[in-house]
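Observations on the three-dimensional arrangement
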Amino acid sequence: MSVFSSPDFDQHENVVFGYDQDAGLRAIIAIHNSQLGPALGGCRMYPYASEQDALRDVLRLSKGMSYKAALAGVALGGGKSVIMGDPRKDKSRHLFEAMGRFVDTLSGKYIAAQDMGLNVQDLEQIATQSEYVSGIRHRVDELGNLRAGDPSPATALGVFCGIKAAVKSKLNRNELEGIRVSIQGLGHVGYHLARLLHEAGARLWVTDIDKARESDAIREFGAIAVNVGELYHLEVDVFCPCAMGAILDDQTIACLQVKIIAGAANNQLLESKHGADLHDKGILYAPDYVINAGGLIDLFYFDHGKPAADVKNHVENIANTLADIFMASSRKNLATNIIADEMAAARFQFSYAQAS
Ligand code: NAD
C-alpha cells in the first residue's frame, strides 16, 4: 500500500498504522499538520472495503481538520484516526482499549474525539488507556445545566450563525424570518439546527432516512417532510446538508434551485471542482469545514477549562470568517472553497515562517 504516492497524501507529518491481533484492531492515525497545536480529530469506525479506502479517508479527513482548526482560530492541528471494522458487530472493550494504547503511543501529538461509528462510551474505553481523548467529560453549560461532552449543539450554533452570514451576503437580509430552508439529516446537529432556524422564523423542509425524526420535526417545528430525491429539486433559499458527505456532484448540482448551501456535513463537495460549479451557477457555498467548526471550538475551550460564554462568542465568530470568505470570493471571482483553502494555508505558512 503506497502512502507517499497516494493522491490524497498532502505533506502529512505522520501516518501511523496500529495493529493488535488479540483485540482485532487494525487502525490508522494520520496527523496532517501540527504547526498550530496538537492534532485533534475524530476517531471513525467503518467497514472499509480495503486498506486503501481506510488510508484515503484518514488522509483526507486529517487534512480537513488542519484547515478547520486554522480558520476557526484555535491552537490545534489536524489529525484523524480510523478503525477498520463494522461498528454494528465488531465493537468490544478490548478493541477500544487497544485503540487507546495506540493513541497513547503518540504522546499527545494526536487527540482523539468522537466521529462516525463511535459513541461517548466507546471513547471512554479508549480513554482508559490514554489521556489524549477529548469530549467525554460532563460540564456545566451557559444555562447552568450539566451536559455531556457532545459538541453537536455548538456545531449547530455555528451553522446557524453561518447561515445568517450567507443570507446577509446573498440576499441582503439581516433576519431569517420567512427564509425557506431545506435540511438533509435531522441527527445530532441537524435537529438542533432545525430548532434554532424555527425559532428564528424560518420555514423548513426536511428529510431523514429515520422517519421518526421527520415526524418529530413536523410536530415541533411545523416542518414539511420530503424524500431525499425531492430535496435536491426544491426551490428554497438555503440548503443545509447535515447527513453524509460527497453529496454535491455533477448530478445534484444540476438539479439544485437554491441560492445558498450552508450545512454541517463534512466533505460536501465530491471534488474541489464542484465548488467552482456552484460558484458559476450563482449558488453561495459556505465551505463545510468553516461553517461546521463550532464543535471543534467547543472541544478546544472545554479541554482548556474556558468559560462557556467565551465558547459562544468564538463560535459566533464563524459568521465573520464566512463574511470575509464571501467578500473575497466575489472580489476575486473565485469559488468560496478555493478562497477558504487559501486563507487556511496562509495561516500554516505564517506559522511555519514564525517557527523557522
Ligand atoms: P448523526 O449521525 O447524529 O445524524 C445524521 C442524520 O442523518 C441521522 O439522523 C441519519 O438518519 C440521517 N441520514 C443518514 N443518511 C441519510 C440520507 N441518505 N438522507 C437523509 N438523512 C440521512 O450525525 P451528526 O453528528 O448530526 O453529524 C451530521 C454531519 O455533520 C456529519 O457529516 C458529520 O460528520 C458532520 N459534523 C458533525 C459535527 C458534530 O458536532 N456532530 C461536527 C462537524 C461536522
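Residues numbered from 1 in each chain as written. Predicted model: local features only at pLDDT ≥ 70, side-chain atom pairs only at ≥ 80, totals over all residues. Heavy atoms only, no water.

**What about the domain arrangement of the protein chain?**
Put simply, the test is: Start and end positions for the domains come from either an automated domain assignment or a database one.
Under the domain assignment used here, the protein chain contains domain 1 (14-59 + 79-136) and domain 2 (152-346). Relative to domain 2, the C-alpha centre of domain 1 lies at a distance of 27 Å.

**A few points about the site of the ligand**
Threshold: The nearness test applies per residue and asks whether one of its heavy atoms lies within 4 Å of the molecule or strand. Definition of a polar contact: a pair of N or O atoms within 3.5 Å, with one able to donate and the other able to accept a hydrogen when the atoms are protein atoms, and with sequence-neighbouring residues admitted only if both atoms are side-chain atoms. Values of accessible area rely on a 1.4 Å probe in the Shrake-Rupley scheme; residue burial ignores everything except the protein chains shown. Numbering of helices and strands runs from the N terminus, with a helix taken as a DSSP run of H or I at least four residues long and a strand as a DSSP run of E at least two residues long. Amino acid classes used here: Ala, Val, Leu, Ile, Met, Phe, Trp, Tyr, Cys and Pro are nonpolar; Asp, Glu, Lys and Arg are charged; the rest, including Gly, are polar.
The environment of the ligand is made up of 22 residues, and the closest members are T155, H188, V189, D208 and A243. For the ligand, an oxygen atom lies 2.6 Å from a polar atom in the side chain of D208. Taking 830 Å² as the accessible area of the ligand by itself, protein coverage stands at 75%. Going through the elements one at a time, α4 (152-171) and α5 (188-199) are the ones with two or more residues in the shell around the ligand. Residue composition of the shell around the ligand, by class: ten nonpolar, eight polar and four charged.

**Observations regarding empty space enclosed by the protein**
Rules: In the cavity and pocket records, a cavity denotes points on a 1 Å grid over the protein atoms alone where a 1.4 Å probe fits but cannot get out, a pocket denotes an open set with protein on both sides within 12 Å along at least 5 of 7 lines, and lining residues are residues with an atom within 4 Å of a point. Grid points are joined across faces, edges and corners, and a volume is the space filled by probe spheres set on the points.
For the structure on display, the rule yields two cavities of 30 Å³ or more. Of the pockets and cavities examined, the largest cavity occupies roughly 80 Å³. Looking at the largest cavity, the residues that line it are L61, G64, M65, K68, K80, N266, N267, D288 and Y289. Listing elements by their share of the lining of the largest cavity, those giving two or more residues are α1 (51-72) and α10 (288-291). The element best represented in the lining of the largest cavity is α1, accounting for four residues. Roughly 30 Å³ of internal volume is contained in the second largest cavity. The wall of the second largest cavity is formed by K68, L71, A72, Y289, V290, A293, I318 and T321.

**Notes on helix α11 (residues 294-303)**
Counting along an α-helix, one turn takes 3.6 residues, and residues three or four places apart therefore face a common direction. Put simply, the test is: Working definition: with a 1.4 Å probe on protein chains only, accessible area under 20% of the residue-type maximum means buried, over 50% means exposed, and in between means partly exposed.
Within α11, nine of the ten residues are buried, which leaves the element mostly enclosed by the surrounding structure. Within α11 the residues assigned to the buried category are G294, G295, L296, I297, D298, L299, F300, Y301 and F302. Residue G305 follows α11 closely and has a positive phi angle near 65 degrees.

**Focus: the sheet that holds strand β13 (residues 284-285)**
Stated formally: Pairing between strands is defined by DSSP: at least two bridges between them are needed. Contacts: residue pairs with any heavy atoms within 4.5 Å of one another. Lines fitted to C-alpha atoms define the axes, with helix axes restricted to the stretch in contact, and inter-axis angles between N-to-C directions lie between 0 and 180 degrees.
Taken in spatial order, the six strands make up an open sheet running β10-β9-β8-β11-β12-β13, and their pairing is parallel. Two strands bound the open sheet, and with one partner strand each, they are β10 (224-225) and β13. Pairing between strand β8 (residues 180-184) and strand β9 (residues 203-207): five bridges, direction parallel. Paired with V181 across the strands is L204, a residue of β9. Sitting on the sheet, helix α6 (residues 211-221) touches β9 and β10, and the angle it makes with β9 is about 170 degrees.

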